[in-house]
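Residue-level listing of the chains:
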Amino acid sequence: MVYETGNRTIDDAVRRVLDGERLDRRDGLALIAQPVEDLAAAADYVRSQFGDGTVDACSIVNAKAGNCAEDCGFCAQSAHFDTGIDTHGFLDPEEILEAAKRAERDGAQRFGIVVAEKGVSKERRPDEWEDVLRAIRLVRDETDVEVDASLGILTEEEAEILADEGLNHYNHNVETSPNYFPEIVDTHSFEDRVHTLEVAREAGMDLCAGVILGMGESPTDRVDAAVALQDVGISSLPVNILNPVAGTPLAEDLGGSADITTEEIVETIAVYRLLHPEARVRLTGGREVNLDADEQHLPFEAGADGMLTGDYLTTEGQSPGDDIEIVERAGLEPNTEANDFDPEAVKERTADDAAVDTAAGTATEVQTDD
Ligand code: SF4
């Protein structure tokens, strides 16, 4: 043992993780009850042993917005709720390429094409399907970013075609625990979501799947969601924090703010690091509205090593330069493996943009879902 907090539960867990053992539900529940400072320190150490000291940034485009037939209670894009968002059909693939080039310029290593629907369908909407493939090819061929997509439920045939076209990653969040999921969504099940992840994995794509915190779930639900993802096998675990959008059921139920504290966010991130030592634990939608400016680096000192930068699906995020500064405040550096960008140039340019445009703005969420 080369690292100790003096907390036996945590030290034993860290030792087992370093020995290559997978922690289980019982471990997760024991860990989430430990003091947050010890958890954060242990998770930071585990990140340092499994990771490369970098934070990986991804970016997304809302390629098809609103009018979704599903009824996810957090989502501004569901046709079941009156949220007043701008809706549009699938964007011209050239527009998607332009968004990918902006993401590349801003330091993203991967770029996600996200649609608001239960699933793209090669059979029912063949023209849209062809546009999806064209967009993937354009981003694949004309940028350095890796291509990700969040296209909802897939058939095996669709997954194989997407993988053959060079789609590197597939995102499909499980949102919460199997037990709490029916409280949030009626129109499909947790198992439907896991099935699509399995189909994507079988086709050869690697998986990005995560959660939304602050929806009224318990700490046990938070652990259970991460444990369910252990069996699925993921390389990226996005952690959204609810940003309640007026008109959605959760905004009404929760009174307009997420049901989670900063301490709970940090402890959950730390436990996720220990349960998923080799995945990128990625802080995504809702971080700017749920964490104060001087708190945003805390998850990155507690095991997080990924982020979503730029705008979210229906809300704005902060500037990519600010995101880089948060990473650096935590003693880490931006990943440049796929897209070898200059962080200093991004900080300088976005500072200039802010100076020119103090009256305007840019980027954050809907949950990064799909
Ligand atoms: S989260 Fe996805 S499936 Fe659910 S309502 Fe929103 S767009 Fe539709």
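Predicted model, so just to flag it, every value in this text is computed and none were measured. (Residues numbered from 1 in each chain as written. Predicted model: local features only at pLDDT ≥ 70, side-chain atom pairs only at ≥ 80, totals over all residues.)

A. Region of the structure containing the overall build of the protein. What the protein contains, in helices and strands, is 14 helices and 10 strands. A compact globule built from 370 residues would reach a C-alpha radius of gyration of about 21 Å, and the protein, at 19 Å, matches this within 12%. Considered along the principal axes of its C-alpha atoms, the protein spans approximately 60 × 45 × 45 Å. In the protein, of all internal contacts separated by at least 6 residues, the share reaching a separation of at least 24 is 81%. (Helix = DSSP H or I, 4+ residues; strand = E, 2+ residues; numbered from the N terminus. Rg over C-alpha atoms; globule rule 2.2 N^0.38 Å. Contact = placed C-beta atoms within 7 Å.)

B. Spatial organisation of helix α13 (residues 320–329). Along α13, the residues that are buried comprise P320, G321, D323, I324, I326 and V327. Positive backbone phi, approximately 80 degrees, marks G331, located one or two places after α13. (Buried ≥ 20, exposed ≤ 12 C-beta atoms within 10 Å, placed from the backbone.)

C. Spatial organisation of the site of the ligand. Contacts to the ligand come from 10 residues, most closely from C68, E70, C72, C75 and A116. Classifying every residue of the shell around the ligand gives 4 nonpolar, 2 polar and 4 charged. (Near = placed C-beta within 6 Å. Nonpolar A, V, L, I, M, F, W, Y, C, P; charged D, E, K, R; others polar.)

D. Quick peek at the packing of helix α1 (residues 8–18) against helix α2 (residues 25–32). Following both chains from N to C, one finds α1 and α2 inclined at 140 degrees, their axes separated by 9 Å at the closest point. Of the possible angle classes, the one that applies to α1 and α2 is oblique. When the axes of α1 and α2 are compared, the crossing they make is left-handed. On α2, the residues that touch T9, I10 and A13 of α1 are D27, A30 and L31. A class-by-class count of the residues in the contact of α1 with α2 yields 4 nonpolar, 1 polar and 1 charged. (Axes fitted to C-alpha atoms, helices over the stretch in contact; angles between N-to-C directions. Parallel < 35°, antiparallel > 145°, perpendicular 65-115°, else oblique. Left-handed = near helix turned anticlockwise from the far one by under 90°.)

E. Structural detail: unusual backbone geometry. Within the chain, N67 stands out as a residue other than glycine whose phi angle is a positive 60 degrees. Take N67: it is sitting in the loop between β1 (54–64) and α4 (93–105). Overall, the presence of 14 C-beta atoms within 10 Å leaves N67 in the partly exposed class. The phi dihedral of E175 is positive, around 75 degrees, even though this residue is not glycine. Secondary-structure assignment places E175 in the loop between β4 (169–171) and α7 (181–184).

F. The environment of V227, seen in detail. Along the chain, the position of V227 falls in helix α9 (residues 219–232). When the 21 C-beta atoms within 10 Å are taken as the criterion, V227 is described as buried. The spatial distance from the C-alpha of V227 to the C-alpha of R25 is 6.1 Å, given a sequence separation of 202 residues. If near-sequence neighbours (up to four positions away) are discounted, V227 is found in contact with R25, G28 and L275.

G. Looking closely at the pairing of strand β8 (residues 280–283). What you see with β8 is no split at all: R280 and R282 on one side and V281 and L283 on the other are buried throughout. Relative to β8, strand β7 (residues 236–241) is paired through 4 bridges, and the arrangement is parallel. Bridge assignment links V239 to a residue of β8, and that residue is L283. (Pairing = 2+ DSSP bridges.)

H. Main features of the pairing of β7. In terms of burial, β7 is a largely internal element, 6 of the 6 residues being buried. Judged by which residues are buried, β7 turns out to be covered on both faces: S236, P238 and N240 on one side and L237, V239 and I241 on the other are all buried. With 3 bridges connecting them, strand β6 (residues 211–213) and β7 associate as parallel partners. The partner of V211 across the bridge, within β7, is V239. Of the crossover connections in this fold, the one passing from β6 over α9 to the parallel β7 is right-handed. (Right-handed = clockwise from strand over helix to strand, strands pointing away.)

By themselves, these figures tell us nothing about what the structure is for.
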